[in-house]
Amino acid sequence: MAREASPKAPARKPRPAAATPPARVGPPLDYGQQVAIFSILAAANPRPTTELQYRDAFTLLVAVALSAQATDVGVNKATPALFDAAPTPQAMLELGVEGVTEHIKTIGLFRQKARNLIAMSQRLVEVYDGKVPSSRAALMTLPGVGRKTANVVLNTIWRVPAQAVDTHIFRVGNRTRIAPGRSEAEVERAIEDNVPAEFQQDAHHWLILHGRYICQARRPRCPICPIRELCPYEPKTTDPV
């Protein structure tokens, strides 16, 4: 008796392209090129900021912590009701893990993030009198808070020119040679070392937005890029966007 063919396994969806270290790291663009590029970005968007919705330092800290491996759009759909229910660390503690989970269950890794938010709120209440600290070292003692999250809060709330390097900035920094580096830490240092001082405060916002909407991972939108004439990336795309 002929054996039935076993059903084929469903095809796996391709994973999104990850930010991989470049094989070689060339020199950064020179000072004049940096000034020209950031002048163009600043003229197009004079006051860039995070696309996450927040109300104060605590709600921004929560939103940024929730945005890890999630989209800003997805986080923004979940946080208004969460912030109404728990606008302070003490209120977050009173909501509890189950209550937080119910509000953020549409966000990736929501169970772990709910536990982190409760642990973070507990430390804020016990150690910092319910207030978000304003130093990177102190912020990074909070559960679920790494350097990137701390830098976003420092930059947005206290206007410290801290550079929160994500996959977008890593890609743009290397592709354009504004801030080349083999790791997020190297790219962060390259921004600090090479971007002129007058652009440092908003540099990471401009670069994130540029990477999110123009210099995209799979197919950069070179035909509509405002800095295409200054960008050394080749081959540039030429298809209409």
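What you see is a predicted model; the values in this text were computed from it and never measured.

Cut-offs applied
- Residues numbered from 1 in each chain as written.
- Predicted model: local features only at pLDDT ≥ 70, side-chain atom pairs only at ≥ 80, totals over all residues.
- Heavy atoms only, no water.
- Disulfide = S-S within 2.5 Å.
- Domains from an automatic or database assignment.
- Contact = heavy atoms within 4.5 Å.
- Buried area = accessible area lost by both parts, 1.4 Å probe.
- Salt bridge = Lys/Arg side-chain N within 4 Å of Asp/Glu carboxyl O.
- Phe/Tyr/Trp six-rings, centres within 6.5 Å; stacked < 30°, edge-to-face > 60°.
- Helix = DSSP H or I, 4+ residues; strand = E, 2+ residues; numbered from the N terminus.
- Buried < 20%, exposed > 50% of the residue type's maximum accessible area, 1.4 Å probe, protein only.
- Lys NZ or Arg CZ within 6 Å of the ring centre and 35° of its normal.
- Expected span 1.5 Å × (residues − 1).
- Arc of directions from axis to C-beta.
- Axes fitted to C-alpha atoms, helices over the stretch in contact; angles between N-to-C directions.
- Parallel < 35°, antiparallel > 145°, perpendicular 65-115°, else oblique.
- Nonpolar A, V, L, I, M, F, W, Y, C, P; charged D, E, K, R; others polar.

## Remarks on the state of the cysteines
Two cysteines joined by a covalent bond between their sulfur atoms form a disulfide. Summed over the entire model, instances satisfying the criterion amount to zero disulfides. Here Cys 231 is not cross-linked by a disulfide; its sulfur's nearest cysteine counterpart is in Cys 225, at 6.3 Å.

## Some details on the domain arrangement of the protein
According to the domain assignment, the protein contains domain 1 (31-48 + 162-230) and domain 2 (57-158). Just the C-alpha atoms count here: the centres of domain 1 and domain 2 sit 27 Å apart. The partner domain 2 presents nine residues to the 11 residues of domain 1 that form the contact. Taken over both partners, the interface formed by domain 1 and domain 2 buries close to 750 Å², and the fraction arising from carbon and sulfur atoms is 40%. The interface formed by domain 1 and domain 2 holds three salt bridges in total.

## Here's the deal with the pattern of salt bridges
All chains considered together, the criterion is met by 11 salt bridges. For Arg 228, the salt bridge is made with Glu 229, and the minimal N-O distance between the two is 3.9 Å. When salt bridges that share partners are traced, they join Glu 51, Asp 72 and Arg 212 into one network.

## Describing the packing of aromatic side chains
Summed over all chains, the structure comprises three aromatic pairs. With centroids separated by 5.7 Å and ring planes inclined at 25°, the aromatic side chains of Phe 38 and Phe 199 adopt a geometry described as stacked. Highlighted residues: Phe 38 in helix α1 (residues 31-44) and Phe 199 in helix α10 (residues 197-213), separated in sequence by 161 residues. Relative accessible area serves as the criterion here: at 0%, Phe 38 is assigned to the buried category. Seen from their ring centres, Phe 38 and Trp 206 are 6.1 Å apart, and the 50° between their planes marks the pair as tilted. Of the two residues, Phe 38 is situated in helix α1 and Trp 206 in helix α10; the sequence distance between them amounts to 168 residues. The pair Phe 38 / Trp 206 is uniform in exposure class, with both members buried. Grouped by ring-pair contacts, the aromatic residues Phe 38, Phe 199 and Trp 206 constitute a single cluster. One Lys or Arg, Arg 175, reaches over the ring of Tyr 233 and ends 5.0 Å from the middle of that ring.

## Describing α1
The end-to-end C-alpha separation of α1 is 20 Å, in line with the 20 Å expected for 14 residues at 1.5 Å each. Those residues of α1 lying buried are Gln 34, Ile 37, Phe 38, Leu 41 and Ala 42. Viewed along the axis of α1, the buried residues span an arc of 130°, placing them on a single side of the element. Relative to its buried face, α1 has exposed residues pointing more than 90 degrees away, namely Ala 43 and Ala 44.

## Focus: the packing of helix α8 (residues 167-176) against α10
Running from N to C, α8 and α10 cross one another at 90°; their axes reach a closest spacing of 8 Å. With respect to α10, the element α8 is oriented roughly perpendicular. Contact residues: His 168, Ile 169, Arg 171 and Val 172 in α8; His 204, Leu 207, Ile 208, His 210, Gly 211 and Arg 212 in α10. Tallied by class, residues from the contact of α8 with α10 come to four nonpolar, four polar and two charged.

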